[in-house]
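Observations on chain architecture
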Amino acid sequence: MRAKNGRMLQANSFRQLLAIAGEQYGEKPFFVDDELLGRVSYRDVLRFSQGLEQQLDALGVPPGAAVASIFHNCGLAALLFVSVIATRRLYVPLNPASSPGELEDMLRRSDSKVLFLDPTHSRSNHFPGLIAVRVQDHREYFLERCRCGPAANAPGSEYDHAFAGEIVFTSGSTGRPKGVVLSERNLLANASALVDACQMSPEDRFLTVCPLFHNSGQILTTLACVLTGGSTAAIRSDIGMLHFWHYLNKHRGHWCLVMTSFLALLLARKDSPAGWHSMRGLLTGGSAIDAGLIHQFESRFGIPVRTVYGLTESSSIATCEHLDPAPRALGSSGRALACSDVRIGSEPSALYTWDQPEAREHGEIWIGGPTIFDRYVGDTELTQFRIRDGWLRTGDLGYFDSTGNLFVVDRIDSMLIVGGENVYPAEIERLCALLPGAAQIVVVGADHPIWGKELILVYKASEQSPPLLKAWHQVFAEELAAFKIPQKYVGLQQLGLAEFPRKENGKLDRPRITALVRDFISKQ
């Protein structure tokens, strides 16, 4: 059935969702023109999930068991996300860039019973103790599954209740990857809230360039697409980012999610077209929000940018700039989605909502609601630290304005102490758009015998004009307190780099940048 707004399906589980979508949307394309699968209808998606269930039954993999996959973004990766969970198994998507040792560790901790992979996508093809299903011809495998009949357990059976849907491994800011357990309820609640907030429709087309082994590629451009009956395309992340405009034009995309830093890269590239009008919204998050950058991007390309905020542990997105006529606050991450209760404070017993004066002060961001993850795999202590009385402590510092827009200042553990004063790098990095000749900046700390830390600004120069360092200092003097002004400027080329190093999830690798800067300074 459809929701009251007439735009969204309602379902209690992935299994029920695919059955309803297959019936209501029928031959309407889920993939219009996938590069490996061709055209795939909603009825095909249902048939594939049923065929996959028959295969898992034949392999002796029972409902509730963990099923892992190793794929770069592709149509099959998107199908496995919705279909494995629909078969009542626990989905474990793994990053193809992971080392053999990391893959072995994640497969062991998730207790995976079977692994689907394309051998050309994985750094390892040796997985002892696992049932390995190697898929090289994606279309033939897809057609083979679709030729199977309906699975034994049809929708409405004893397996139709929502349960733990997937384990998403995320490294966060540092350390060994954490296995975040998300339920079907978590995932469906987040995707449904996004559909409502963005007023998505069956005519919308989605472009997936964020990784499908993470919920940044799952919730918006895959699951929300199914809920609305739209069409989607999954493009390998590195290729999709490099040829973003080509794929956006090819698939006539209306919705996409990218990291905020990617906006700066598109602005700096000479091949970027001036004016683009098919997009209804480009959602962006994952790092500090630069109001000037967003203004420049929207002015040049005509694409409405909507800032978002969330974590893997909150299923994906907790706040988003809405469509309604409430005043926009450039530089914020928008207001809380209907599925999320977002507050500011230090403890669950003293959390402030956006309409309380105390929420205007900087404090830790906490999130409650049906999207909060269940647990970390094998780490009860960390789970209890992060989830307190039903609230997720994010580790992020932020505050609300008087209309409910959330401003994310920085990671609490990113704070640098300069001469006894607290400095958050994101406060400085947000000024990048005001710096002539700067395409992107990152601020790190280096040890100083007197001040404790000194601020080092690492920059990537713009292709349009050279960096004007004296002008930068004037901007900082006008916008920042004296102790927040960087003491040194270091160009990427001085570090032997052409681009800022990034982690596998697309976020900046700050520890590596800091190490490179410290090594560079020590040699001066």
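Here the structure is a predicted model, which means the values were calculated and not measured. (Residues numbered from 1 in each chain as written. Predicted model: local features only at pLDDT ≥ 70, side-chain atom pairs only at ≥ 80, totals over all residues. Heavy atoms only, no water.)

The next subject is the overall build of the protein chain. When helices and strands are counted, the protein chain shows 15 helices and 27 strands. For 524 residues, the compact-globule formula gives about 24 Å, and the C-alpha radius of gyration of the protein chain, at 23 Å, lands near that figure. Considering only C-alpha atoms, the protein chain reaches an extent of 70 × 50 × 50 Å along its principal axes. Of the contacts formed within the protein chain by residues at least 6 apart in sequence, a portion of 66% connects residues at least 24 apart. Entry remark: accessible area of the protein chain is about 20,900 Å², with carbon and sulfur atoms responsible for 51%. (Helix = DSSP H or I, 4+ residues; strand = E, 2+ residues; numbered from the N terminus. Rg over C-alpha atoms; globule rule 2.2 N^0.38 Å. Contact = heavy atoms within 4.5 Å. Areas by Shrake-Rupley, 256 points an atom, 1.4 Å probe, with all protein chains shown as cover.)

Our next topic: the nonpolar core. Phe14, Phe48, Leu80, Phe116 and Leu283 are the most contacted members of the largest nonpolar core, which has 89 residues in total. Examining the composition of this core, we find that 10 residues originate from one element, helix H3 (residues 75–86), more than from any other. Ignoring anything within four residues of it in the chain, the contact list for Leu80 reads Phe48, Leu52, Ser69, Phe71, Ile85, Tyr91 and Phe116. Within the second largest apolar cluster, 24 residues are counted, among which are Leu248, Ala264, Leu266 and Phe297. (Core = buried A, V, L, I, M, F, W, Y, C linked by side-chain atoms within 4.5 Å. Buried < 20%, exposed > 50% of the residue type's maximum accessible area, 1.4 Å probe, protein only.)

Turning our eyes to something else, we now look at the pattern of salt bridges. Tallied over the full model, the rule gives 28 salt bridges. Residue Arg43 pairs with Glu27 through a salt bridge whose shortest N-O separation is 2.8 Å. Residue Arg43 is found in helix H2 (residues 42–58), and its partner Glu27 is found in the loop between helix H1 (14–25) and strand S1 (29–34); the two are separated by 16 residues along the sequence. For Glu27, a relative accessible area of 39% puts it in the partly exposed group. Taking the shortest distance from any N to any O, the salt bridge between Asp57 and Arg89 comes out at 2.7 Å. Note that Asp57 is positioned in helix H2 and Arg89 in the loop between H3 and strand S4 (90–94), a separation of 32 residues in sequence. Take Arg89: its relative accessible area is 0%, and that puts it in the buried class. A single salt-bridge network, built from bridges that share partners, covers Asp105, Arg108 and Arg109. (Salt bridge = Lys/Arg side-chain N within 4 Å of Asp/Glu carboxyl O.)

This part takes up the sheet that holds strand S25 (residues 438–448). Reading across from one edge, S25-S26-S27 is the order of the 3 strands in this open sheet, with mixed pairing throughout. Every interior strand has two partners, whereas the edge strands, S25 and strand S27 (488–491), have only one. Here the average twist between neighbouring strands, direction ignored, is 30°. Note that S25 and strand S26 (residues 452–461) share 10 bridges and pair antiparallel. Bridging from a neighbouring strand, Ile441 pairs with Tyr459 of S26. (Pairing = 2+ DSSP bridges. Axes fitted to C-alpha atoms, helices over the stretch in contact; angles between N-to-C directions.)

All right, on to helix H10 (residues 260–268) then. With 8 of its 9 residues buried, H10 lies for the most part within the structure. When H10 is considered as a whole, its buried residues turn out to be Thr260, Ser261, Phe262, Leu263, Ala264, Leu266, Leu267 and Ala268.

Counted according to the given criterion, the structure contains 15 aromatic pairs. Judged by centre distance (5.5 Å) and plane angle (80°), the rings of Phe244 and Phe262 are edge-to-face. With Phe244 in helix H9 (residues 244–251) and Phe262 in helix H10, this pair connects stretches of sequence that are 18 residues apart. Side by side, Phe244 and Phe262 carry an identical accessibility label, which is buried. Every member of this aromatic cluster is reached through a ring pair, and the members are Phe244, Trp245, Phe262, Phe297 and Phe301. (Phe/Tyr/Trp six-rings, centres within 6.5 Å; stacked < 30°, edge-to-face > 60°.)

In a regular helix each residue adds 1.5 Å, so 15 residues correspond to 21 Å; helix H6 (residues 184–198) covers 21 Å between its end C-alpha atoms and thus fits that length. Summarising burial for H6: 13 of the 15 residues are buried, a large majority. Just downstream of H6, Gln199 is the residue with a positive phi angle, here 55°. (Expected span 1.5 Å × (residues − 1).)

So, about the packing of H10 against helix H11 (residues 291–301). Packed helix pairs are specified by the crossing angle of their axes together with the interaxial distance, meaning the distance between the axes. With their axes 10 Å apart at the nearest point, H10 and H11 run at an angle of 50° to one another. One way to sum up the angle between H10 and H11 is to call them oblique. With respect to the hand of their crossing, H10 and H11 are arranged in left-handed fashion. Contact residues: Thr260, Leu263, Ala264, Leu266 and Leu267 in H10; Leu293, Ile294, Gln296, Phe297, Arg300 and Phe301 in H11. Of the residues contributing to the contact of H10 with H11, the split by class is 8 nonpolar, 2 polar and 1 charged. (Parallel < 35°, antiparallel > 145°, perpendicular 65-115°, else oblique. Left-handed = near helix turned anticlockwise from the far one by under 90°. Nonpolar A, V, L, I, M, F, W, Y, C, P; charged D, E, K, R; others polar.)

Moving on: the packing of H2 against helix H5 (residues 138–146). Two elements in contact, H2 and H5, have axes separated by 7 Å at closest approach and are oriented at 85°. It follows from the interaxial angle that H2 and H5 lie roughly perpendicular. Residues Asp44, Arg47, Phe48, Gly51, Leu52 and Gln55 of H2 pack against Tyr141, Phe142, Arg145 and Cys146 of H5.

Turning our eyes to something else, we now look at the state of the cysteines. A complete count under the given rule lists 0 disulfides for this structure. Residue Cys210 stays outside any disulfide, its sulfur separated by 6.7 Å from that of Cys256, the closest cysteine. Here Cys225 stays free of any disulfide, with the sulfur of Cys256 as its closest cysteine sulfur at 13 Å. (Disulfide = S-S within 2.5 Å.)

By themselves, these observations are geometric and do not establish any function.
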